[in-house]
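Chain and residue survey
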Amino acid sequence: NLTPKKKPVPCPTLGAHWVRIGFQGNDPRTDINRAMRCLALLQLLHLLEKERRLAGALFRAANQGGKDWPFACTSISFTRMAVQKLRSGKLNGRCNALGGVLEALHECHAALFRDFLARIRSGQDRFCALNDIQEGKKPIKVAKPRK
């Protein structure tokens, strides 16, 4: 479980717990400051709060023995990809339909993760999956989870 059900306990700034959720080292600021900064945190927080089932499935998949991958760093990459889609105009219709940019970015971020999860569940290597998504290859069809 990524979010506590009981009263949250203070989280140390540095420590191995950051590696467990998919940062590259004991200090998450290194990854966050390298790319996308505050927006990366907003995207990850939105995923954890609004897409709980997806976030849980992703976290479990990210920590499977021998097939693990950095969940938080992948989220940062998908944040970057969502911003690239926004800048290219590919999200204009969704921004207008949803009445804002941030919601469209959140939706795109989650969609990228759904595609990634479908690809790795189908047996595709995570690096190939990331490459295919970045190159805009057709996503694997996956049903959106019910709320």
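An account of the accompanying structure is given in this report. As a convention, each chain's residues are numbered from 1 in the sequence order in which they are written. In view of the model being predicted, local features appear only for residues whose pLDDT reaches at least 70, and side-chain atom pairs are presented and counted only at 80 or more, with totals across whole chains, interfaces and linings using the full set of residues. Here the side-chain values reflect all heavy atoms present in the structure, with hydrogen atoms and water set aside.

**Some thoughts on the overall build of the protein**
Across its full length, the protein carries eight helices and zero strands. Helix numbers and strand numbers start at the N terminus; a helix is a DSSP run of H or I with at least 4 residues, a strand a run of E with at least 2. Helices and strands appear in the protein in the N-to-C order α-α-α-α-α-α-α-α. Its C-alpha radius of gyration of 15 Å places the protein within 12% of the 15 Å reference for a compact globule of 147 residues. Its C-alpha atoms give the protein principal-axis dimensions of about 40 × 35 × 30 Å. When accessible area is computed with a 1.4 Å probe and restricted to protein chains, residues below 20% of their type maximum are described as buried, those above 50% as exposed, and intermediate ones as partly exposed. Counting across all 147 residues of the protein, residues that qualify as buried make up 38%. Two residues qualify as a contact provided that any one of their heavy atoms is within 4.5 Å of a heavy atom in the partner residue. A separation threshold of at least 6 residues defines the contact pool for the protein, and within that pool the share at least 24 residues apart is 58%. Here, Shrake-Rupley sampling with a 1.4 Å probe gives the accessible areas, and only protein chains in the shown set may cover a residue. When the accessible surface of the protein is split by element, carbon and sulfur atoms take 54% of a total near 9300 Å². As defined in this context, the radius of gyration uses C-alpha atoms, and a globule is described by 2.2 Å times the residue total to the power 0.38.

**What about the nonpolar core?**
The biggest cluster of nonpolar side chains holds 35 residues, and the ones touching the most others in it are Leu47, Leu58, Trp69, Phe71, Phe78, Phe113 and Phe116. For this core, the secondary-structure elements that each account for two or more residues are helix H3 (37-50), helix H4 (52-62), helix H5 (71-88), helix H7 (101-121) and helix H8 (126-134). Residue contributions to this core peak at nine residues, all from H7. When neighbours within four sequence positions are excluded, Leu58 is seen to be in contact with Leu47, Trp69, Phe71, Phe113 and Leu117. To form a nonpolar core, buried Ala, Val, Leu, Ile, Met, Phe, Trp, Tyr and Cys residues must be joined to one another through side-chain atoms within 4.5 Å.

**Some details on unusual backbone geometry**
Positive phi, normally seen in glycine, also occurs at Met36, with a value near 70°. Here Met36 is to be found in the loop between helix H2 (28-34) and H3. Residue Arg37 is not a glycine yet carries a positive backbone phi of 45°. Of note, Arg37 is situated in helix H3. Of the residues examined, Arg37 reaches a relative accessible area of 52% and is grouped as exposed.

**Points about the packing of H3 against H7**
Taken N-terminus to C-terminus, the directions of H3 and H7 make an angle of 70°; their axes are 10 Å apart at the nearest point. Taken together, the axis directions place H3 and H7 in an arrangement best described as roughly perpendicular. The two elements H3 and H7 cross, and the hand of that crossing is right-handed. Note on element contacts: H7 touches H3 through Leu102, Glu103, Leu105, His106, His109, Ala110 and Phe113, opposite Leu39, Leu42, Gln43, Leu44, His46 and Leu47. A class-by-class count of the residues in the contact of H3 with H7 yields eight nonpolar, four polar and one charged. Note on geometry: axes are lines fitted to C-alpha atoms, helical ones only across the stretch in contact, with angles between N-to-C directions running from 0 to 180 degrees. Roughly parallel refers to an angle under 35 degrees, roughly antiparallel to one over 145, roughly perpendicular to one between 65 and 115, and oblique to any angle outside these ranges. Each crossing gets its hand from how the near helix is turned against the far one by less than a right angle, where anticlockwise is left-handed and clockwise is right-handed. Residues are grouped as follows: Ala, Val, Leu, Ile, Met, Phe, Trp, Tyr, Cys and Pro are nonpolar; Asp, Glu, Lys and Arg are charged; every other residue, Gly included, is polar.

**Here we look at the packing of H3 against H5**
Where H3 contacts H5, the axes come no closer than 9 Å and their chain directions differ by 110°. Between H3 and H5, the angle falls in the class roughly perpendicular. Where H3 crosses over H5, the handedness of that crossing is right-handed. Between H3 and H5, the residues in contact are Leu39, Ala40, Gln43, Leu44 and Leu47 and Phe71, Ala72, Ser75, Ile76, Thr79, Ala82 and Val83, respectively. Class assignment for the residues of the contact of H3 with H5 results in nine nonpolar, three polar and no charged.

**Here we look at the side chain of Gln43**
Note on placement: Gln43 falls in helix H3. Gln43 gets classed as buried once you look at its relative accessible area, which sits at 1%. When sequence neighbours within four positions are dropped, the list of residues in contact with Gln43 reads Thr79, Ala82, Leu105, His106 and His109.

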